[in-house]
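Letter by letter, the chains look like this.
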Amino acid sequence: MNTDTMNRNNIIHKFLLLILIITGCDEKEKMVPLQGDIVGFVSLYNEDGSSRDDHSNVTVTLNEKYTVLTNEIGKFEFKNIEAGTYTITYQKEGYSKYKKFNYIFAGGGVPGVLGTISMIGVPDVTLSNLVIKLEGESVRISGTLSSIKSDHIKYYLHQTSYVSNIDYGTSYSFIAEEQEIMDIISISGIHSSMPIYITAYIESKGNNSNFNYYDYELNSSVNSAMTQLFEPVQVR
Amino acid sequence: MIRNIKFLSLLLVFGCGEQEIIQIPLQGSLEGIVIGYGLEPIEGVTITIEGKDPLIVRTSDSNGKFTVDDLETGTYNLVYTKPGYGTFKMLGYSFVGGSIPAKLNTLMVELPNVNIVGFNAQIEIDSYFGDAALNGSVLIEHLEQEYEEGHFRYYISNSPDVSPTQFKVTGLLDYYFSDVSSYDFSLPIKNLFPSGSTLYMVVYPVRGYEDYSYMDLSTGKQLFPAMNPQGSEVLSFLVP
């Protein structure tokens, strides 16, 4: 090897070393936030408000990204979740929904705790032979319920076709004592130029405020322990 | 030399595989105060903080205060113990850190100074409404002369091993006071258990408000810290 070659190699060597020092490995490093586990519980209730023995198969979702199911005692566990702010959605077919917003998780050595939330069975009831008639300043609603195990019917009125148990102007509660219902709602307080839409729900017998949650996307308190009996109908 | 160049080239091409680096957590201070019901500071409470190795241990001073400096961002369990008091746990405490100390006030409640010496009950049907109720009485003895009040917490289960950690239903029966030793109760059990099933019931004296509790993370049951470890005898009932 002559001196020229050695010098050239030395220069190449130094050049490569310089590149290595300048670029290093920094660009390829991925920053990973703290991680940890999150545990929580769900308590399921029957439609009449009595506690269930089996609390399993509730779908729990973190930020629409991670999903787990509850076991028989209602426990669920998320593993290796990165620190952050989370919205948790709880769902099970035939039960009221639940959402928890703004859960701040720091990650770390012991699990974050979500506490226990409650969900209740919603009535498995349908309405047939529905007739809605406007008679002067009253709305007359009649129909046939498939059963009367749940007895609270709630009517929601609003001036838009998207009236629901969350978005409404006024609401009225009736107790159904027989399968045949015949309810009369006065609309004398609503200005005659306003259109009126109506919808109805049948509520879980054991419903109470434990099944409410505040929905920060809808900016409204939500209670979903009820089954819709008919889609919104325009009555005026 | 050639070999060195080859090695460096190799390092440049392959040496920079993706590397996961855990973010350096924030740090900050945690300032806790341990108080009793009358807002009086409680000295000498041992606070064990789980979440980092090794455990952090502090003792509350004469002002009930304890401080943890340079605590890293993370989730922690804080366990508060003192002889004569119920052990309180704060589980899953999210600590972020930063320039201002996080403040944490915790209540410590003394264990009851009463024992249950008698417990009887039977299921009776309300003659008017037809609803079933558990009617009975609890008899206590006071171990100390000073004034004390608390309440009785009942646990009901379908299983004879009913206890504060294994139960189906729990709730409060009545308040107790220093100068009274016998208490009657009537507990509606409508809807709670199906007809024909056997119920087991036990009663414990407990201090602290109804929500002074923390969750057992293995079962999801609420545990009430200021509870006498000894309860009544277990009674059984057949639901009519």
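Residues numbered from 1 in each chain as written. Chains lettered and ligands numbered in written order. Predicted model: local features only at pLDDT ≥ 70, side-chain atom pairs only at ≥ 80, totals over all residues. Heavy atoms only, no water.

A. Summary view of empty space enclosed by the protein. This structure, assessed with the given rule, holds one cavity of 30 Å³ or more. Residue lining of the largest cavity: Ser-51 of chain A together with Lys-168, Val-169, Leu-192 and Phe-193 of chain B, and that is the complete set. (1 Å grid on protein atoms, 1.4 Å probe; cavity = no way out; pocket = protein on both sides within 12 Å on 5 of 7 lines; lining within 4 Å. Points joined across faces, edges and corners; volume = space filled by probe spheres on them.)

B. Quick look at the confidence of the model for chain B. Chain-level statistics for chain B give a pLDDT mean of 89 and a share of 90% at 70 or above. Throughout residues 7-13 of chain B the model reports pLDDT below 50, and contacts reaching past four residues in sequence, or to other chains, amount to eleven contacts. (pLDDT = per-residue confidence, 0-100. Contact = heavy atoms within 4.5 Å.)

C. Examining the sheet that holds strand β2 (residues 35-45) of chain A more closely. Residue and element names in this part refer to chain A. Spatially, the three strands line up as an open sheet ordered β5-β2-β8, and their pairing is mixed. Sheet topology places β5 (75-82) and β8 (112-120) at the edges, where each strand pairs with a single neighbour. Across this sheet, the average inter-strand angle for adjacent strands is 20°, counted without regard to direction. (Pairing = 2+ DSSP bridges. Helix = DSSP H or I, 4+ residues; strand = E, 2+ residues; numbered from the N terminus. Axes fitted to C-alpha atoms, helices over the stretch in contact; angles between N-to-C directions.)

D. Main features of the layout of surface pockets. Of the pockets and cavities examined, the largest pocket occupies roughly 1300 Å³. Around the largest pocket, the lining is made up of 40 residues, and of these Ser-43, Tyr-45 and Ser-51 of chain A together with Lys-168 and Lys-221 of chain B lie nearest the centre. Looking at the lining of the largest pocket, the elements that each hand over two or more residues are β2 and β8 of chain A together with β11 (150-157) and β12 (169-176) of chain B. Ranked by residue count, the leading element in the lining of the largest pocket is β2 of chain A, at four residues. Of the residues in the lining of the largest pocket, the class split is eleven nonpolar, 20 polar and nine charged. Taken as a whole, the second largest pocket encloses approximately 360 Å³ of empty space. Taken together, the residues that form the lining of the second largest pocket break down as eight nonpolar, four polar and five charged. Two domains each provide a minimum of three residues to the lining of the second largest pocket, namely domain 1 (22-107) and domain 2 (114-238) of chain B. (Nonpolar A, V, L, I, M, F, W, Y, C, P; charged D, E, K, R; others polar. Domains from an automatic or database assignment.)

E. The packing of aromatic side chains, seen in detail. On inspection of all chains with the given rule, the structure shows 21 aromatic pairs over all chains. Ring-pair connections join several aromatic residues into one group, and the members of that group are Phe-76, Phe-78, Tyr-90, Tyr-98 and Tyr-213 of chain A. A cation sits over an aromatic face here: Arg-153 of chain B above Phe-224 of chain B, 3.6 Å from the ring centre. One cation-aromatic arrangement involves Lys-221 of chain B over Phe-167 of chain B; the distance from NZ or CZ to the ring centre is 4.7 Å. (Phe/Tyr/Trp six-rings, centres within 6.5 Å; stacked < 30°, edge-to-face > 60°. Lys NZ or Arg CZ within 6 Å of the ring centre and 35° of its normal.)

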